[in-house]
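Coordinates in review
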Amino acid sequence: MNALKSQLVTDAVEEIIRQAQTKLPPDVVEGLVVARDTETDKTATAQLDAILENISIADDRAIPMCQDTGILVFFVEIGRDACIVLDLDRAIREGVKQATNSVPLRPNAVEPLTRLNSGDNTGDGLPDINYSFKDGKDITITVAPKGAGSENMSAFTMLKPSQVGSVKDFVVETVQKAGGMPCPPIIVGVGIGGSFDKSARLAKRSLLRNLGDMDEYEQELLEAINSLGIGPMGLGGRTTALAVHVEKAHCHTASLPVAVNIQCWANRHASVTLDAGHDLTHLSEQYKTMHHLTEQHSNKHHLVEQHLNEHHLAERHMNKHQLAERHMNKHQLAEQHSNKHQLAEQHMAGKNVPHHLTTPLTQDDIMELQAGDIVYLSGTIYTARDEAHLRILELTDEGKPLPFDLEGAVLYHCGPLMQKNKGGWRTVAAGPTTSARMTEMTPQVLDNYNVRAIIGKGGMKNIAPVLEDRCVYLAYTGGCAALAVDMIKDVRDVHWLDLGMPEAVWVLEVENFGPLIVGVDAKGRDLYEEVSGLALK
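Attention here is on the structure that accompanies the text. Source: prediction; values computed, not measured.

**Examining the overall build of the chain**
Helix and strand counts for the chain stand at 20 helices and 17 strands. Sequence-distant contacts in the chain: of pairs separated by 6 or more residues, those separated by 24 or more amount to 77%. Accessible surface, the chain: about 21700 Å² in total, of which carbon and sulfur atoms supply 48%.

Below is the structure:
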């Protein structure tokens, strides 16, 4: 028997990471299409249209669908008869390093206390590699990138043995509290039983199951979650979750551990099976097969003709993005959804005329906006996440000037994926991050600088009084990082790269950046709070 070679494993890992980041599994695409076609809320429909177009663009261009390429979680099933004479951990780590450069991936791995970024998505305990055994001599490696927006919304509890009936309540409550922050429609993984750590691993592994694989208990949970009305991106709608998957293990007679691991709509994962005789040619055939399944799915639903007849927008959209012809020739998914980005003007909140604004913004500009309005921005915007906000406040406290001008500025809660080239930098992916992390720092920033708009996703709790008369919150569809690239015309500058790529302040020149929904206006109305209030009822 020939032994499996280390470089073969490394190259295979690099390839499945690429596939996971740029192509969604067919069952996930199907779930999103069904959600879109059964949705009745116009704002929710527009969000789902944007998601589906983003998937198509990422697939066509082979770029990450979300700028948060996550931490890399691996599930490795080893055949009991497999011949392994290599350091499997090391081979997988090398695959992660290769993929960081070639895909590329955003460097996300930081030391937990110092927050220093390793730069290559590896570090102590990362990538997270989980091993199990199976019959035969094959080794199956599955990668499941996990972004922080959804991971941060996960929860754990130790219920009493007498509280079996409370499991469902805990799951639904966890989703209700998460709201729009994990980029719904979500997939909910639930682990029941085992031990403290076992239940969490069960919950995460359950996310790998086919979306349609649900029993009666899981269906009941799904119906309860969708009855909350949180909807896509937390702005209301029929579909809050696409699926609920529960995995169980026997537990101690005195314990009842329950873990909920939430996954965003981008339920990314890809696998490869290797044996001592495999080479990478076989890998390509596997991915061709997966892509063919996506085409079959598109044909099955016959949505192209339906959508074109309904909306009559294909020609206008194709001229704007210059993508549809390539998409239609390459795969049917684009035919279904290439026209959907334009529908936001018609769908969102019943508004027919969007606001086209140019930065810097004035107070008059924002006072004209009402919650639910659609906005397109042109001009300069600044990315700013946790560390950038902290540094802004530190320099302000020290009486030192900022290296950029925030008068009338737009702050984008975004940690983009950038790639250096001869001319400077190019944007690979640039979707929004979870705004809630910046909630506590935002009042101080607004007290010191006339920031007029914040772009993000998920909203910020109790932010309406803080924004009143001086700033608006604009929601951009979470995870739609590939869709944003064409609207970013130039990377004009970057500040504080010592904070790391995601945390630096990137100065972006944008044109018709949107559609953006006014999630919180400057008059005290907060759409997220309204949806959350209905969910509580």
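Let us keep going from here.
**Here we look at the sheet that holds strand 4 (residues 155-159)**
If you walk across this open sheet you meet the four strands as 4-7-5-6, and the pairing is mixed. The open sheet has two edge strands with one neighbour each: strand 4 and strand 6 (241-249). Between one strand and the next, the sheet's axes are offset by a mean angle of 15 degrees, whatever the strand orientation. The pairing of strand 5 (residues 186-193) with strand 6 spans eight bridges and is classified as parallel. Looking at the pairing, V190 lines up with V246 of strand 6. Here helix 6 (residues 167-178) sits on the sheet in contact with strand 4, strand 5 and strand 7 (256-263), set at roughly 30 degrees to strand 7.

**Describing the packing of helix 2 (residues 26-38) against helix 3 (residues 42-61)**
With their axes 9 Å apart at the nearest point, helix 2 and helix 3 run at an angle of 150 degrees to one another. The angle between helix 2 and helix 3 falls in the class roughly antiparallel. The interaxial crossing formed by helix 2 with helix 3 has left-handed handedness. Judged by residue contacts, V29, L32, V33, A35 and R36 of helix 2 engage T45, L48, D49, I51, L52 and I55 from helix 3.

**A few points about the packing of aromatic side chains**
Counted by the stated rule, this structure contains seven aromatic pairs. Taking 4.8 Å as the distance between ring centres and 80 degrees as the angle between the ring planes, the aromatic pair formed by F156 and F196 counts as edge-to-face. Residue F156 is found in strand 4, and its partner F196 is found in helix 7 (residues 196-206); the two are separated by 40 residues along the sequence. According to the relative accessible area criterion, F196 is exposed, its value standing at 55%. By the ring-pair criterion, three or more aromatic residues cluster together here, those being Y382, F404 and W496.

**Digging into the sheet that holds strand 3 (residues 139-146)**
The pairing of strands in a sheet happens through backbone hydrogen bonds and is either parallel or antiparallel. With mixed pairing, four strands are arranged side by side in an open sheet as 2-1-3-8. Each edge of the sheet is formed by a strand with only one pairing partner; in this case those strands are strand 2 (128-134) and strand 8 (270-274). Put simply, the sheet's adjacent strands are angled 15 degrees from each other on average, direction ignored. Relative to strand 2, strand 1 (residues 71-79) runs parallel, the two sharing seven bridges.

**What to know about the packing of helix 6 against helix 8 (residues 216-226)**
Between helix 6 and helix 8, whose axes approach to 10 Å, the crossing angle comes to 40 degrees. As far as their axial angle goes, helix 8 and helix 6 are oblique. Along this stretch, helix 6 crosses helix 8, giving a crossing that reads as right-handed. Across the interface between the two elements, V167, K168, V171, V172 and V175 from helix 6 touch Y217, E220, L221, A224 and I225 from helix 8. Residues belonging to the contact of helix 6 with helix 8 are distributed by class as follows: eight nonpolar, no polar and two charged.

**Notes on helix 8**
Taken together, the buried positions of helix 8 are occupied by E218, L221, L222, I225 and N226. End-on view of helix 8: buried residues confined to an arc of 130 degrees, all on one side of the axis. Opposite the buried face of helix 8, at more than 90 degrees from it, the exposed residues are E216 and E223. The N-cap residue of helix 8 is D215: its side-chain oxygen and the backbone nitrogen of Y217 are 3.1 Å apart.

Rules used throughout
- The numbering scheme is per chain: residues are counted from 1 as the chain's sequence reads.
- Only residues with pLDDT of at least 70 are given local features in this predicted model, and only at 80 or more are side-chain atom pairs given and counted; all residues enter the totals for whole chains, interfaces and linings.
- Only hydrogens and water are removed before side-chain values are computed, so all heavy atoms of the structure are retained for them.
- Strands are runs of DSSP state E lasting at least two residues, helices are runs of H or I lasting at least four, and both sets are numbered from the N terminus onward.
- Should any heavy atoms of two residues lie within 4.5 Å, those residues are counted as being in contact.
- Accessibility throughout is a Shrake-Rupley quantity obtained with a 1.4 Å probe, and a residue counts as covered only by protein chains that appear here.
- A pair of strands is considered paired only if DSSP assigns at least 2 bridges between the two.
- Axes, fitted as lines to C-alpha atoms, cover a helix only where it is in contact. Angles between the N-to-C directions of the axes lie from 0 to 180 degrees.
- Between 65 and 115 degrees an angle is taken as roughly perpendicular, under 35 as roughly parallel, over 145 as roughly antiparallel, and anywhere else as oblique.
- Here a crossing is called left-handed whenever its near helix is offset anticlockwise from the far helix by less than a right angle, and right-handed whenever the offset is clockwise.
- Whether two aromatic rings pair depends on their centres lying within 6.5 Å, for rings of Phe, Tyr and Trp, where Trp uses its six-membered ring; planes under 30 degrees apart make the pair stacked, over 60 edge-to-face, and the rest tilted.
- Any residue under 20% of the maximum accessible area for its type is buried, any over 50% is exposed, and the rest in between are partly exposed; the area is computed with a 1.4 Å probe on protein chains only.
- Asp, Glu, Lys and Arg are counted as charged, while Ala, Val, Leu, Ile, Met, Phe, Trp, Tyr, Cys and Pro are counted as nonpolar; the rest, among them Gly, fall into the polar class.
- This arc is taken over the directions from the axis of the helix to the C-beta atoms.
- Throughout this description, a polar contact denotes any pair of N or O atoms lying within 3.5 Å of each other; where both atoms belong to protein, one of them has to be capable of donating a hydrogen while the other can accept it, and for residues adjacent in sequence the pair is counted only when both atoms sit in side chains.

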